[in-house]
Amino acid sequence: AATAYNTLTGEAPVVVAHRGASGYLPEETLGGYELAMKMGADYIEPDVQMTADGQLVAMHDSTLTRTTNVADLFAARDGSYKVSDFTLEEIKSLTVKPTGALSAPDSTYAGFTPSMADPYKVPTLSEVLDLLTEYNTANGTEIGIYPESKTPYNSPQNQAIVATLKDKGYDEPSDKVILQSFVRESIIEMGEALIDQGVSASLAQLGGVRLVDGVYGVSGSDGFFSLAEIADIADGVGVSAGGITEEFITSAHDLGLIVHAYTFRPLSEEAAFAMIQPMLDWGLDGFFTDYTDFSRTVVDAN
Ligand code: G3P
Ligand code: CA
């Protein structure tokens, strides 16, 4: 039957709340994820890094400098402020700062009161998963989660991501968890761990769109891999929006791969239509955005 969407499944393209409601509130925080869910996200996205004591936290950068007050609180430490040099307890003492283009300096968003105490601390992956479950249960929603195992390749981190999902009971097949990485080796390792531990999740290779000798593929942090090579290990690709063509999407769909684009940062509804609609017409399956509100409007207009 004819469907309204050119996506691989015929289902509506998914809106992935990139680092939460990161255009408005401190990124990768429980408060930010909660606002993104209220704005209608289909998935929330945490980037995952490992602390010095082996705990998983939601944090984009490998250092704490850009997004937290670490330089104020730990001025005596050497200045690189790597996540991997700090314990979870130390990281929990930090506050995440607003960095989005439409953020208020005092980390507020009109009409939104976070439900948790201390909404702008660095959360663990477990805490993000718990918030997701609580929110879905309270609101009758089926929002998913899209964790990224951050670079560089880190085997304990990959194993711990899957173990955390196991711990939280993600053992039934569903499309509500997608694991992503720029590192092919991490995708392969997480895929093996999913099978070993009896956890259910999809896998996505991140990188830039490339056309090499007439073959489409993706260049991640360990080189170029063709779409066929990616289809051997993953269910989809998450690619930088600037390189996407209709032919790339069609080529990926022909191999059964979904295509998600990163990262849309429209500062108005009008800008969101201009940025996103052309790629929806080409069959884009979903996208990462700092502005779930404007992006939701575009998808719902289709
Ligand atoms: O995971 C997709 C997108 O988030 C990749 O970019 O740097 O924001 O993790 P980055
Ligand atoms: Ca990411």
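We now turn to the structure provided with this report. The numbering scheme is per chain: residues are counted from 1 as the chain's sequence reads. For this description, chains carry letters from A and ligands carry numbers from 1, given in the order in which they are written. Per-residue local features are limited, in this predicted model, to residues with pLDDT of at least 70; the limit for side-chain atom pairs, both in listing and counting, is 80 or more; totals at the level of whole chains, interfaces and linings are taken over all residues. Excluding hydrogens and water, the side-chain values take into account all heavy atoms of the structure.

### Thoughts on the overall build of the chain
- When helices and strands are tallied, the chain shows 10 helices and 13 strands.
- Referenced to the eigenvectors of the C-alpha coordinate spread, the extents of the chain come out at roughly 55 × 40 × 35 Å.
- Classification of residues uses two cut-offs on accessible area relative to the type maximum, computed with a 1.4 Å probe and protein chains only: under 20% is buried, over 50% is exposed, and between them is partly exposed. Residue burial in the chain is summarised as follows: out of 302 residues, 54% are buried.
- Residue contacts are defined here by distance: any two heavy atoms, one from each residue, within 4.5 Å place the two residues in contact. Summarising the internal contacts of the chain: among those between residues at least 6 apart in sequence, 68% fall at separations of at least 24.
- Charged side chains of the chain number 16 positive and 44 negative; the gap between the two group centres comes to 6 Å. A helix here means a DSSP run of H or I that spans at least four residues, while a strand means a run of E at least two residues long, and both kinds are numbered starting from the N terminus. The positive count covers Lys and Arg only, the negative count covers Asp and Glu only, and His and the chain ends enter neither. For the purpose of locating charges, the reference atoms are NZ of Lys, CZ of Arg, CG of Asp and CD of Glu.

### Brief notes about the layout of surface pockets
- Cavities and pockets are found on a 1 Å grid laid over the protein atoms alone: a cavity is a set of points where a 1.4 Å probe fits but cannot escape, a pocket is an open set with protein on both sides within 12 Å along at least five of seven lines, and a lining residue has an atom within 4 Å of such a point. Grid points are joined across faces, edges and corners, and a volume is the space filled by probe spheres set on the points. Size it by volume and the largest pocket reaches roughly 400 Å³.
- Each residue is assigned to one class: nonpolar for Ala, Val, Leu, Ile, Met, Phe, Trp, Tyr, Cys and Pro, charged for Asp, Glu, Lys and Arg, and polar for all the others, Gly among them. Residues of the lining of the largest pocket, tallied by class, amount to 7 nonpolar, 4 polar and 7 charged.

### Thoughts on the coordination of the calcium ion (ligand 2)
- Listed donors are limited to N, O and S atoms within 2.8 Å of the metal, widened to 3.2 Å for Na, K and Ca; water is not among them, so incomplete-looking sites are possible. Here the calcium ion (ligand 2) is held by the protein donor atoms Glu45 (OE), Asp47 (OD) and Glu148 (OE), which lie 2.1 to 2.3 Å from it.
- Here the metal geometry follows the donor angles, with tetrahedral for four donors whose angles all fall between 85 and 135 degrees, square planar for four and octahedral for six when opposite donors are more than 155 degrees apart and every other angle is between 65 and 115, and irregular for all the rest. One way to put it: the 6 donor atoms around the calcium ion (ligand 2) meet at angles of 55 to 160°, and that makes the site irregular.
- Residue glutamate 45 is classed as buried on the basis of its relative accessible area, which comes to 2%.

### A look at unusual backbone geometry
- The step from threonine 151 to proline 152 runs through a cis peptide bond, and the omega angle for that step is -5°.
- As for its position among the elements, proline 152 is in the loop between β6 (148-149) and α5 (155-167).
- A cis geometry characterises the amide bond from tyrosine 262 onward to threonine 263, with omega recorded as -15°.
- One can find threonine 263 in strand β12 (residues 258-264).

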